[in-house]
Amino acid sequence: MNCIIYPCSNELIPFIDYIDKVDNDLHIVKAVCPVVCRSMVSDNLGCDISTDFDASLEICDTVIICDYKNISSMYKDIVKKIILSLEKNKNVICCAELDENDLKKAYRLAKEKKLVFRYKNKYEIPKVADFYTKQESVVIGIGSMFSPLNTDMLYCDLIRHLNESGYKTVGIGTSNNNMLINSYTLPKELFRSSISSDEKVFFLNNFINDIELLKCPDIIVVQFPGGMSNFAEEVLDGYTIDAYTFSQAVSVDYFILGIPVNVVTPDFLPELDTEYKYKYNCPIDAFAISNIEVDIELSFDLGEVVITTLDKSHAWNYIEKCSDIKDYLFCDMNDKSRNALVSDFIEKCSNNVEEL
Amino acid sequence: MKNKPFIKLYRSPRGFYFYDVNRDTIVGINESVYYYLSETCLYEELNEEDKAYVEHLREKGYLSDKRVSEIKHEQTDEIEEMLSSQCHQLILQVTRLCNLVCSYCPYANKTDNVLQRNHENKHMSWEVAKKAIDFFAEHSSTYDSPSISFYGGEPLIEFELLKKCVEYSEELFLGKNLSFFMTTNATLMSDEIIDFLAEHDFKLLISMDGPPSIHDINRKRSDGTGSFASVFEALKKAYKRYGDNAALGVEINMVLAPNNDIDEAFSLFDNEFFRNNSVGVSSSVADDEYLEYKLEYPSEFKAKYNYYFFLAFLKSMKLVEGIDIPEFYNQSMFMLKRNYMQYKRGINSLPDTGCPGGPCVPGHTKFFVNVYGDMFPCERVSEISKCMKIGSIYDGFDYDAIKKQMNVSQQTSDKCRECYAQLHCSLCQAYSDGGDELVSERRLANCKMSCSRFDSILKTCILFKETKTHYTWRP
C-alpha cells in the first residue's frame, strides 16, 4: 500500500522508521502536516513532508491517520479528512480516537465503496477478571523517568531488532500508533476508570495475557505508562501511580529506564536501581540516555516537568564521561549503542529465550 | 564584620531568621546569632556552639557577600532567536470604544491623552488584525500552545471582527493547541455571542465588582445607569451554556475601589448562583498608575482587606473551621504556599550576570497590538509612551527597544545590586515609563513598595512555618 501519513509530527519518527525498515505492506510516500506545524517537524522524519493534503491524496492509495498530542483540537479536521479520503477511494488506517457516530459513518462509507478502513481495537473493561498469572514469554519493560521523556524510539527499535534476530516479538506500548507496527496499545481507559486498584491490576494482567495467548510471542516488550520517578512534591507528573499499577500486573525480566542527561552521575544511578528494585520489583538492567535535559527551574515555575531537547551528541558525551558504569548505559539515539543493548539483553535473558 | 553577608534579618514573636539573598531561602537562627548578624555583638562574644553553627552555615554556602557583577537580563543575547519563533500570546485591541464609563478606568477620559490614551471611536481593521495574526503565527512557529486574547475598550463591540479573527486563526493554527481569551464587561453578551464563545472554548474574564449596590457605583453606562443586571444575566447564561467547562471557561474579575465597602462587595458570593456554582474569582485593587490623581484607600478599607487575608490564613492552616471567604483569597494562599516551598528549596547562588526579577521579556510571554498595529509588551502599559513601544506589525520587533526594557534595571544598577529583594522585584518596565524614554526616578520612587511587598511575603512564610511547628494544639 502506498500511504500518506496525517498529521505528521516528530512523535511519529520511531514508527515511520520501523515501517521503513521492516518488510510489510505499508510504504510511506509522504507525510503531511498542517502549514503552521511545518517548522516543528524535523526534516529527518524519514520521508518527504508536505503541507498539501489534497495534492498528497493523489499519489497514494491509503491514508494513515495518526494519533497526535493535539488531536483533540484537530478533531473536526481529522474526521473531514477521513471522509474525504474514503470518498476519493482511498483506504484508511485510523490510529486516532473517533466518536461512535463518526466511526460508524466511516465504516459505512468504507463498506459501500469496498475499501479498507482499519481502526484501533476498542478496549472494553471486562465485567469479571480472569485469574492472575505471570507471563510465560520473556518480558522487556521500558520506562521513562519522567513522563515527557519519550521512549518510543527505543521501544520500536527494540521490537524490530529482536524480530530481525529471529525472536517473535510483540509490543504493548503507550502510543495509539502501535497498530502501525503490529503491536498493541495499553488501555488508557482502564487507568482513568473509577474501578478499584486491585481490579485495574487484574484487568491489566488479563490484557497482557490475552495478547500472549493470541500471538504466542517469544518476547513481549512493554512500555510503562507515565513517569516512574517523582520530580518534586509540588511538581505534578502523575506521582508514578499509573506506572506502579502497571508494575503489579506484569512480571518484567529485563528493565530499561529512559533518563535525561542531567541525572547521569556515577553515584545517582545505582541508587535509582535500588529504588526501582524495591518500588516496582524492576531492578534496572540498563539506562537509556536520551538527548533530553530537564529544565529544573521552569519545571518548578510551571508545576510540571519541562524538558529541553539537546544536540544528539550530548547523550553520547555523557556516557563517555561515566566510564565506571559504562556497562549500564546506552544511548537512545545511537545505532551502535542500541545494538549493544539488544546483545546485553539476549545475554542476560538467554536462559529464558528459546534459541533458534 | 568582614565580608558582610548579603542577608536581611527578620524577627517574629517566636523566633529569629535571616533571608539569604544568594541562596534565596529563609534560615532560622537563635537570638545570639541574630545579634551577631545584625552587628550588635562581635563574633568573639558568641559561644562555641554558635560559632560552630555560623561556620557550618558558611560551609553550606549561606552568609555569602556575593553580589551580581553585571546587571543584564540573562536572555538579552537570545532574545532575537526567542522572538523569532517562541512567542506565546497575542493580545488584539479590536476596538478603543467602550459602552461603559467606569470611574477607575484609566481610558475613561481621565488623563486627556497625557498618561494614557482615552476611549475613542477607533476600531481595528480586518487588514491589521489579519496581519497581526499572521505575524504571530510566524513568530510562534515552534511553540505548541499559542493563545490569542481580545481586548478593548469593550471587545464585543467588534464581535464581527472577533468572529473573523477566530475563524481565520483556527484554520491558520490547525495542529496547534490554540486557545482564546477575552476580558469583557459582558453587557453585550447576547445568546448568539455566548454560543459562539462556548463553541470556540473561549476563556472569559467578566468584570463584576460586587452586588448591584457596589458594582453600579463605578461601572456605569454613559447615561449614568448601572450595568449589574445585564452582566449578571450574561454570567448566568454563559455558565449554563458552558456546562461542564464553565468552571474553567468563565471567571469573574472584581475590582476593589476605595469607595467600595469590602464586606458589601463580598456579599455578592451569598447570592444563590455563587453558592451553587464554583465560579472562579480574581480580584485586584483599582490601578492608579495611569491616573492623574492617586487613589486613596481609607484605613477601614485596608483593615477589612487585611482581615479577610487573615481569615484566609487561619482557614488554610486549619486553625479555625467553617470560615467563609471569597475564593480569590484561597488562591492567594495557594500562591503564598508556593512561595514557601520555593524558599525552602532555594538556589545555589546569585549569578555573576543577572538582573532583578521585575521586567518581563517583552514579546515572549505576550505582546499587545493596538488598533494601528503598534506593539507593546502588554495591554496595561501606556500606548502614548514612546518608550513602551516594542515595534509594529509592519516593521517587526524593535529589538533595541525590547533590550532596553529588559535591562531597565541597568539605570538603577547600583541600587539594584545592593537590594535584598532583587530576585523577587515586582517593578516591571512600566514603572520606568517616562514617556519618551525610560527613566530611573519613577522606578526608584516605587522601590519601597516592592520591598515592602517582598517583606510581607517573607513574613507570611515565616508565619506558615511557625504555625506548623508551634500551634500544635487544635480544639
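**Q** Would you mind going over the sheet that holds strand β5 (residues 91–94) of chain A with me for this structure?
**A** Hydrogen bonds between backbone atoms are what pair the strands of a sheet, whose relative direction is either parallel or antiparallel. Residues and elements named next belong to chain A. Pairing in this open sheet of 6 strands is parallel, and the strands run β3-β2-β1-β4-β5-β6 from one edge to the other. The open sheet has two edge strands with one neighbour each: β3 (49–50) and β6 (117–119). The pairing of β5 with β6 spans 3 bridges and is classified as parallel. For Ile-93, the partnering residue across the bridge sits in β6 and is Arg-118. The strands that helix α3 (residues 75–87) touches are β1 (2–6), β4 (62–65), β5 and β6; relative to β5, the one it contacts most, it runs at about 150°.

**Q** Sorry, what's going on with the nonpolar core here?
**A** Taken as a class, soluble globular proteins show a tendency for nonpolar side chains to be buried jointly. Leu92(B), Phe150(B), Met189(B) and Phe202(B) are the most contacted members of the largest nonpolar core, which has 157 residues in total. Beyond its immediate stretch of four places on either side in the chain, Met189(B) contacts Leu156(B), Thr184(B), Ile194(B), Leu197(B), Leu204(B), Ile206(B), Ala234(B) and Ala238(B).

**Q** It is not clear to me how the interface of chain A and chain B should be interpreted in this structure. Could you clarify?
**A** It is common to give the size of an interface as the accessible area that goes away when the parts come together. On the chain B side, the residues contacting the 17 residues of chain A number 15 residues. Taken together, both faces of the contact between chain A and chain B bury some 1300 Å²; the carbon and sulfur share is 54%. Of all residues in chain A, the largest losses of buried area upon contact with chain B belong to Val36(A), Met40(A) and Asn70(A), amounting jointly to 39% of the total for that side. Put simply, chain A and chain B have 1 salt bridge between them. In this structure, Asp144(B) engages Lys69(A) in a salt bridge whose closest nitrogen and oxygen atoms are separated by 3.6 Å. Applying the counting criterion to the chain A and chain B interface returns 5 residue pairs in polar contact (both at pLDDT 80 or more). In terms of residue count, helix α10 (residues 296–302) of chain A provides more of the side of chain A that touches chain B than any other element does, 3 residues in total.

**Q** Looking at this structure, I do not really get the pairing of strand β7 (residues 138–144) of chain A. What am I missing?
**A** Each regular strand displays side chains that alternate between the two surfaces of the sheet. Residues and elements named next belong to chain A. Taken across its 7 residues, β7 has 7 buried, putting it largely inside the fold. Of the two faces of β7, the one holding Val-138, Ile-140, Ile-142 and Ser-144 and the one holding Val-139, Gly-141 and Gly-143 are both buried throughout. Of the strand pairs in this sheet, β7 and strand β10 (residues 219–227) are connected by 6 bridges, and their pairing is parallel. If you follow Gly-141 over to β10, its bridge partner there is Val-222. With 5 bridges connecting them, β7 and strand β11 (residues 254–259) associate as parallel partners. Opposite Ser-144, over in β11, you have Gly-258 as the bridge partner.

**Q** Looking at this structure, how should I read the domain arrangement of chain A?
**A** All names here are of chain A. Its domain assignment divides chain A into domain 1 (2–119) and domain 2 (138–348). When the two sides are added together, the surface that domain 1 and domain 2 hide from each other amounts to roughly 1600 Å², 67% of it contributed by carbon and sulfur. For the pair domain 1 and domain 2, the number of links is 0 salt bridges. One can count 2 residue pairs in polar contact (both at pLDDT 80 or more) joining domain 1 with domain 2. With 7 residues, helix α1 (residues 13–21) is the single largest residue contributor to the side of domain 1 that touches domain 2.

**Q** Could you clarify how one ought to interpret the sheet that holds strand β1 (residues 7–11) of chain B in this entry?
**A** All names here are of chain B. Taken in spatial order, the 3 strands of this open sheet run β1-β2-β3, and their pairing is antiparallel. Edge positions in the sheet fall to β1 and β3 (25–29), since each has one partner strand and no second. The average angle at which neighbouring strand axes cross in this sheet is 25°, direction not considered. Relative to β3, helix α2 (residues 48–59) is tilted by about 165°, and along the sheet it contacts β2 (16–20) and β3.

**Q** It is not clear to me how the packing of α3(A) against helix α4 (residues 100–112) of chain A should be interpreted in this structure. Could you clarify?
**A** Packed helix pairs are characterised by how far apart their axes lie and by the angle those axes make with each other. All names here are of chain A. The geometry of α3 relative to α4 is characterised by a closest axis approach of 9 Å and an angle of 10° between their N-to-C directions. The orientation of α3 relative to α4 falls into the category roughly parallel. Of α4, the residues touching α3 (which contributes Tyr-75, Val-79, Ile-82, Ile-83, Leu-86 and Glu-87) are Asp-102, Lys-105, Ala-106, Leu-109 and Ala-110. Partitioning the contact of α3 with α4 into residue classes produces 8 nonpolar, no polar and 3 charged.

**Q** Even after reading the chapter, I still don't get helix α5 (residues 152–164) of chain A, so can you show me in this structure?
**A** Since the α-helix advances by 3.6 residues per turn, residues separated by three or four positions end up pointing in the same direction. All names here are of chain A. With 13 residues, α5 extends 18 Å between its outermost C-alpha atoms, agreeing within 8% with the 18 Å of an ideal straight helix rising 1.5 Å per residue. Most of α5 sits inside the fold, with 11 of its 13 residues counted as buried. Within α5, burial applies to Asp-152, Met-153, Leu-154, Tyr-155, Cys-156, Asp-157, Leu-158, Ile-159, Arg-160, His-161 and Leu-162. One or two steps after α5, the chain reaches Gly-166, where phi turns positive at roughly 100°.

**Q** Which parts of the structure should I look at to understand the confidence of the model for chain B?
**A** Predicted coordinates in regions of low pLDDT should not be interpreted in detail. Model confidence for chain B is summarised by a mean pLDDT of 89, while 95% of its residues fall at 70 or above. For this predicted complex, the interface score ipTM comes out at 0.73, alongside a pTM of 0.84.

**Q** Can you walk me through a nonpolar patch on the surface in this structure?
**A** Side chains of Leu236(A), Tyr239(A) and Ile241(A) sit close together on the surface and give an oily, nonpolar patch of about 300 Å² of accessible area. With respect to the helices and strands, Tyr239(A) occurs in the loop between β10 and α8 (241–249).

**Q** How should the pattern of salt bridges be read in this particular structure?
**A** Side-chain pairing between opposite charges can occur once the charged atoms of the two side chains come close. All names here are of chain B. The tally for this structure, following the rule as stated, stands at 32 salt bridges over all chains. With a closest N to O distance of 3.7 Å, Glu-80 and Lys-403 form a salt bridge. Placement of Glu-80 in helix α3 (residues 79–85) and of Lys-403 in helix α14 (residues 399–406) is noted, with a sequence separation of 323 residues between them. Within this structure, Asp-261, Asp-263, Glu-300 and Lys-304 form a network of salt bridges that share partners.

**Q** Is there a simple way to think about the packing of aromatic side chains in this case?
**A** Evaluated as defined, the whole model comprises 50 aromatic pairs over all chains. Between Phe228(B) and Phe232(B), the ring centres sit 5.3 Å apart and the planes meet at 35°, which makes this aromatic pair tilted. With Phe228(B) and Phe232(B) both in helix α8 (residues 228–242), this residue pair falls 4 residues apart, about one helical turn. Judged by its relative accessible area of 9%, Phe232(B) is buried. Measuring from centroid to centroid gives 5.5 Å for Phe269(B) and Phe274(B), while their planes differ by 85°, and the two rings are edge-to-face. For Phe269(B), a relative accessible area of 15% puts it in the buried group. One residue, Lys81(A), lies across the ring of Phe53(A), its end atom 5.3 Å from the ring centre. Positioned above the aromatic ring of Phe232(B), the side-chain terminus of Lys236(B) is 4.5 Å from the ring centre.

**Q** Before we go on, may I ask you to explain the side chain of Asn370(B) in this structure?
**A** Residues and elements named next belong to chain B. Here Asn-370 lies in the loop between β12 (367–369) and β13 (374–376). Residue classification places Asn-370 among the buried positions, given a relative accessible area of 2%. If sequence neighbours within four positions are ignored, Asn-370 has contacts with Gln-93, Arg-96, Met-124, Val-128, Phe-376 and Glu-383.

**Q** Explanation requested: helix α9 (residues 268–280) of chain A in the structure shown.
**A** Residues and elements named next belong to chain A. Taking 1.5 Å as the rise per residue, α9 with 13 residues should run 18 Å; its terminal C-alpha atoms sit 18 Å apart, in good agreement. Along α9, the residues classified as buried are Leu-269, Leu-272, Asp-273, Tyr-276 and Tyr-280. The buried residues of α9 occupy one face: seen down the axis, they fall within an arc of 105°. Pointing more than 90 degrees away from the buried face of α9 are the exposed residues Glu-271 and Tyr-278. Just downstream of α9 lies Asn-281, where phi reads positive at about 60°.

Calculation criteria
Residues numbered from 1 in each chain as written. Chains lettered and ligands numbered in written order. Predicted model: local features only at pLDDT ≥ 70, side-chain atom pairs only at ≥ 80, totals over all residues. Heavy atoms only, no water. Pairing = 2+ DSSP bridges. Helix = DSSP H or I, 4+ residues; strand = E, 2+ residues; numbered from the N terminus. Contact = heavy atoms within 4.5 Å. Axes fitted to C-alpha atoms, helices over the stretch in contact; angles between N-to-C directions. Core = buried A, V, L, I, M, F, W, Y, C linked by side-chain atoms within 4.5 Å. Buried < 20%, exposed > 50% of the residue type's maximum accessible area, 1.4 Å probe, protein only. Buried area = accessible area lost by both parts, 1.4 Å probe. Salt bridge = Lys/Arg side-chain N within 4 Å of Asp/Glu carboxyl O. Polar contact = N/O pair within 3.5 Å; in protein donor to acceptor, adjacent residues only side chain to side chain. Domains from an automatic or database assignment. Parallel < 35°, antiparallel > 145°, perpendicular 65-115°, else oblique. Nonpolar A, V, L, I, M, F, W, Y, C, P; charged D, E, K, R; others polar. Expected span 1.5 Å × (residues − 1). pLDDT = per-residue confidence, 0-100. Patch = residues over 30% accessible without salt bridge, like charges linked within 9 Å, V, L, I, M, F, W, Y side chains within 5 Å. Areas by Shrake-Rupley, 256 points an atom, 1.4 Å probe, with all protein chains shown as cover. Phe/Tyr/Trp six-rings, centres within 6.5 Å; stacked < 30°, edge-to-face > 60°. Lys NZ or Arg CZ within 6 Å of the ring centre and 35° of its normal. Arc of directions from axis to C-beta.

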